[in-house]
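Secondary and tertiary structure notes
For reference, the chains in residue letters:
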Amino acid sequence: MGANGYFWQAEAWYKLSRADLEHGDLEAGQKALEQAAALYTRSKGGTAPQTIDARVNLIFILVHSGHLDEAISRYAQLIEQERRILGPAHPQLAQSLAEYARLLGEAGRLAQARSVARQAHAALDVAAGMSAINRADAVANLALLADTRGDFIGAQRSFEENEQRALALGSDAPLLVAHSRWLQASIAGERGAPDAIARLDALRAQKRSVYFTDELDWPAAWLAGGDPARALQRYRELSAAPSAAMHRSKLLVGQGIALTELGRYSEARTVLSAVLSANSNPDHAMQDASARLWRGWSMVRAGRAAAGLPDIESALAWRRTQLGEDSYYTGEALLAHAEALAATGQRPRALLEQKQAQDIFAAQLLPGHVLRLRAAQPLPSMRSAAKRRT
């Protein structure tokens, strides 16, 4: 078969993969894309832009099916291919760098993610002929990285700007509008906004398919909004789903947080310890830090503050280094540390760290949003001191 024959076969497989994806069939879509990428390579010697398109879509499937490590590895290879084939000013390179930065952040490789994000911003500045839709997509991925590291103000503003860009494009960008609104609702849920669940429900009704990672937005919203029992139930339901294996750490951490908030401290420690015993991959550092933080916090609340301090201090050090001093998640760790210090008689330092945490929350939470269940209240062992200050 000649090069043209391979090319048209590849086109057919690519169209089939798009149809599979639109109907939510990730497994069939992945197989079709693998066929398309192989045939595009045979037709053009591995240099066709269509080959890159097929590989980008294959990575998309890997991400949404939970194969994050493999997706990151393939993206690193893809970016090198794009630099060589398309050149530094091609808009596809800017898009790929932004997506790669987001995935690195999701995997907990925050230092590397910030470096790649700087490359993405530079690539966006020089990208020639980049469409408004593609630019908005790249900006959205960089905003998701900001969300991952706890810069909610920056992420929210970017998503709002993207929604306005998409609305200006009219009928050309309905999916981009929906995507921007979903991400804003997701952030609202993480922050405990009272209307977050209603917004997510309304947006779900408009989507053709909802991925497993989208489903995680609901229990996160219930947890942040003060309904840990409902969040725990949903995390456990999702844990039984076929796609759950690749998200095991995130699901267990969510359960551990919910159990801690419900006062079921022994169960919480068992679940969170399972995360730490299972994770040997450095890509899971973010989930490890969360598991350590909440395992330590559960010990503090169970009256074993001295035993919980090492876990909390480890998590706080990681978040300060990787996420930054202004991150919402660093504030959360400071609050846990303050509670542990107060319980071990170190009241002055505890009050100082509580104030630092509250300053971070005040800077990161948007108007109308509420603090986390525990963050909204003075520390139990420090209520008298808080009353004297007021």
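Notes on the structure in this doc start here. Quick caveat: nothing in here was measured; it's all calculated off a predicted structure.

Parameters and conventions
Residues numbered from 1 in each chain as written. Predicted model: local features only at pLDDT ≥ 70, side-chain atom pairs only at ≥ 80, totals over all residues. Heavy atoms only, no water. Helix = DSSP H or I, 4+ residues; strand = E, 2+ residues; numbered from the N terminus. Buried < 20%, exposed > 50% of the residue type's maximum accessible area, 1.4 Å probe, protein only. Contact = heavy atoms within 4.5 Å. Areas by Shrake-Rupley, 256 points an atom, 1.4 Å probe, with all protein chains shown as cover. Expected span 1.5 Å × (residues − 1). Arc of directions from axis to C-beta. Axes fitted to C-alpha atoms, helices over the stretch in contact; angles between N-to-C directions. Parallel < 35°, antiparallel > 145°, perpendicular 65-115°, else oblique. Left-handed = near helix turned anticlockwise from the far one by under 90°. Nonpolar A, V, L, I, M, F, W, Y, C, P; charged D, E, K, R; others polar. Phe/Tyr/Trp six-rings, centres within 6.5 Å; stacked < 30°, edge-to-face > 60°. Lys NZ or Arg CZ within 6 Å of the ring centre and 35° of its normal.

**Notes on the overall build of the protein chain**
Across its full length, the protein chain holds 20 helices and zero strands. When the 390 residues of the protein chain are sorted by exposure, 53% land in the buried category. For the protein chain, long-range pairs separated by at least 24 residues make up 60% of all intrachain contacts whose partners lie at least 6 apart in sequence. When the accessible surface of the protein chain is split by element, carbon and sulfur atoms take 52% of a total near 17,200 Å².

**Describing helix H6 (residues 110–126)**
With 17 residues, H6 extends 25 Å between its outermost C-alpha atoms, agreeing within 8% with the 24 Å of an ideal straight helix rising 1.5 Å per residue. For H6, the full list of buried residues reads Leu110, Ala113, Val116, Ala117, Ala120, Ala123 and Leu124. Take H6 and look down its axis: the buried residues cluster within an arc of 120°, on one side only. Along H6, the residues that are exposed and aim more than 90 degrees away from the buried face are Arg118 and Asp125.

**Re the packing of helix H10 (residues 196–206) against helix H12 (residues 217–224)**
Put simply, H10 and H12 touch, their axes get as near as 10 Å, and they point 165° apart. One way to sum up the angle between H10 and H12 is to call them roughly antiparallel. Here the hand of the crossing between H10 and H12 comes out left-handed. For the pair H10 and H12, contact is made by Ile197, Leu200, Asp201 and Arg204 and by Asp217, Trp218, Ala221 and Trp222, respectively. Considering only residue class, the contact of H10 with H12 consists of five nonpolar, no polar and three charged.

**A closer look at the packing of aromatic side chains**
Applying the stated rule across the entire model yields seven aromatic pairs. Grouped by ring-pair contacts, the aromatic residues Phe152, Tyr328, Tyr329 and Phe361 constitute a single cluster. Across from the ring centre of Trp297, 4.5 Å away, lies the NZ or CZ of Arg301, which sits over that ring.

**Here's the deal with the environment of Glu82**
In this fold, Glu82 is placed in helix H4 (residues 68–85). Once the C-alpha coordinates of Glu82 and Ser96 are considered, the two residues, 14 residues apart in sequence, prove to be 8.8 Å apart.

**Describing the environment of Leu104**
Relative to the elements of secondary structure, Leu104 occurs in helix H5 (residues 91–106). Take Leu104: its relative accessible area is 0%, and that puts it in the buried class. With 10 residues separating them in the primary sequence, Leu104 and Arg114 have C-alpha atoms 8.9 Å apart. Those residues in contact with Leu104 that lie beyond four places of it in its chain are Ile72, Arg109, Leu110, Gln112, Ala113 and Val116.

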